[in-house]
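Topology and contacts: notes
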Amino acid sequence: MMNLLRLNGLSFLGLLALGATFTRADVTVDRQPTVVERRTFDPAHRPADMPPLQGNEAAVTESKFDCKVGMDYRVLDHNRRPDGCAATLQIRGIHIELQLKVLIWLPEHAPAKLVAHEEGHRRIAERVYAQAEQAARAIARPIDGKRVTGDGADCAAAEKRATESTADGFCKECLRQTATTAGRVGDVYDDLTAHGTRAEPAEDEAIRQAFQKVESEARK
């Protein structure tokens, strides 16, 4: 049997309430509990909402990392022009919400080895997610207090553009350090286990080796 992890790192950007009177720099991170869902399917009649299987794939695990950011800021300048407005802001607070959702699709009456392999993909995603708050705080540190600018049809639109651009850059970097890393570890894990078809290394050892290899790659 062929087993494949599909890991989709998606950024859903949502700006929370913004305020111009925030007086103290602040970074808050709300790392939501992981949501895990397991579904079974009839291989002869797969559900319409199930990701397509390719080749000899028998199961699939989807891991979705979400990032939402809100910012408090102080307006430093509004440069009104005939064609719109340019806003200069100072970020005075960053509020981050992180979430991981894992959906495991397994065929009915899946063999234990297949189940263990897909659960290994879940464990990889959760292990990376466990470090997501630390990564988010490190990424946010140079943004807090930073001056940012944006252009828009009016000053409110310019402020929104400035904060959205900053938040989008934050989430892209956050997902690079979480979703992309988890995806790479998952790929190595699949290579080591031949997508779960090899008896050795067992899942625990394959996960250990996969993380070790990716960490070594990052140091180069």
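This text goes with the structure placed above it.
Quick summary incoming for the structure in this document.

Cut-offs applied
Residues numbered from 1 in each chain as written. Predicted model: local features only at pLDDT ≥ 70, side-chain atom pairs only at ≥ 80, totals over all residues. Heavy atoms only, no water. Axes fitted to C-alpha atoms, helices over the stretch in contact; angles between N-to-C directions. Helix = DSSP H or I, 4+ residues; strand = E, 2+ residues; numbered from the N terminus. Parallel < 35°, antiparallel > 145°, perpendicular 65-115°, else oblique. Left-handed = near helix turned anticlockwise from the far one by under 90°. Contact = heavy atoms within 4.5 Å. Nonpolar A, V, L, I, M, F, W, Y, C, P; charged D, E, K, R; others polar. Expected span 1.5 Å × (residues − 1). Buried < 20%, exposed > 50% of the residue type's maximum accessible area, 1.4 Å probe, protein only. Salt bridge = Lys/Arg side-chain N within 4 Å of Asp/Glu carboxyl O. Pairing = 2+ DSSP bridges. Disulfide = S-S within 2.5 Å. Arc of directions from axis to C-beta. Phe/Tyr/Trp six-rings, centres within 6.5 Å; stacked < 30°, edge-to-face > 60°. Lys NZ or Arg CZ within 6 Å of the ring centre and 35° of its normal.

1. Focus on the packing of helix 4 (residues 179–193) against helix 5 (residues 203–219)
Packed helices, taken two at a time, are described by their axes: the angle between them and the distance between them. It is at 8 Å that the axes of helix 4 and helix 5 come closest, and there the two elements cross at 130 degrees. Classified by the interaxial angle, the pair formed by helix 4 and helix 5 is oblique. With respect to the hand of their crossing, helix 4 and helix 5 are arranged in right-handed fashion. Facing T181, R184, V185, V188, Y189, L192 and T193 of helix 4, the residues of helix 5 in contact are E203, A206, I207, Q209, A210, F211, K213, V214 and E217. Taken together, the residues that form the contact of helix 4 with helix 5 break down as nine nonpolar, three polar and four charged.

2. Here we look at helix 4
A rise of 1.5 Å per residue sets the reference length of helix 4, with its 15 residues, at 21 Å; its end C-alpha atoms lie 21 Å apart and thus fit the reference within 8%. Within helix 4, the full set of buried residues consists of A179, A182, G183, V185, G186, V188, Y189, D190 and T193. Phi turns positive one or two residues past the end of helix 4, at A194, with a value near 55 degrees.

3. Description of the pattern of salt bridges
Tallied over the full model, the rule gives 15 salt bridges. A salt bridge links R81 to D151; the nearest nitrogen and oxygen atoms lie 3.5 Å apart. Of the two residues, R81 sits in strand 4 (residues 57–81) while D151 sits in strand 6 (residues 147–152), which places them 70 residues apart along the sequence. The shortest N-O distance in the salt bridge between D204 and R123 comes to 2.5 Å. Here R123 lies in helix 1 (residues 112–129) and D204 lies in helix 5, a separation of 81 residues in the sequence.

4. With respect to the pairing of strand 4
Of the strand pairs in this sheet, strand 4 and strand 5 (residues 84–107) are connected by 21 bridges, and their pairing is antiparallel. Looking across to strand 5, one finds that S63 is bridged to V102. Between strand 4 and the antiparallel strand that follows it, strand 5, lie two residues.

5. Digging into the state of the cysteines
Tallying each qualifying case throughout the model produces two disulfides. The disulfide bridge from C67 ends at C171, spanning 2.0 Å between sulfur atoms. Disulfide C67-C171: torsion about the S-S bond near -75 degrees, hence left-handed. Residue C67 is located in strand 4, and its partner C171 is located in helix 3 (residues 155–177); the two are separated by 104 residues in the primary sequence. Two residues, C85 and C155, share a disulfide whose sulfurs are 2.2 Å apart. Judged by the torsion about the S-S bond (90 degrees), the C85/C155 disulfide is right-handed. One end of the pair, C85, is in strand 5; the other, C155, is in helix 3, and 70 residues separate them in sequence. Exposure class is identical for C85 and C155. Each is buried. The connectivity of the disulfide bonds within the protein can be written as 1-4, 2-3, using the sequence rank of each bonded cysteine. Here C174 is not disulfide-linked; the sulfur of C67 is the nearest cysteine sulfur, at 5.0 Å.

6. A few points about the packing of helix 1 against helix 5
Running from N to C, helix 1 and helix 5 point in directions that differ by 40 degrees, and their axes come no closer than 10 Å. The element helix 1 and its partner helix 5 pack so that their crossing is right-handed. Here helix 1 contributes K113, A116, H117, G120, R123, I124, R127 and V128 to the contact with helix 5, which in turn contributes E203, D204, I207, F211 and E215.

7. A short note on helix 2 (residues 132–140)
Those residues of helix 2 that fall on the buried side of the exposure criterion are A132, A135, A136, I139 and A140. Projected down its long axis, helix 2 shows its buried positions confined to an angular sector of 130 degrees, all on one face. Buried residues along helix 2 sit against strand 2 (26–31), strand 5, helix 1 and helix 3.

8. What about the packing of aromatic side chains?
Under the defined criterion, the tally for this structure stands at one aromatic pair. Its end group placed over the ring of Y129, R31 keeps NZ or CZ at 4.9 Å from the ring centre. Of note, R127 hangs over the ring of F211, and the distance from its end group to the ring centre comes to 3.8 Å.

The quantities given are spatial measurements derived from coordinates; they are silent on function.
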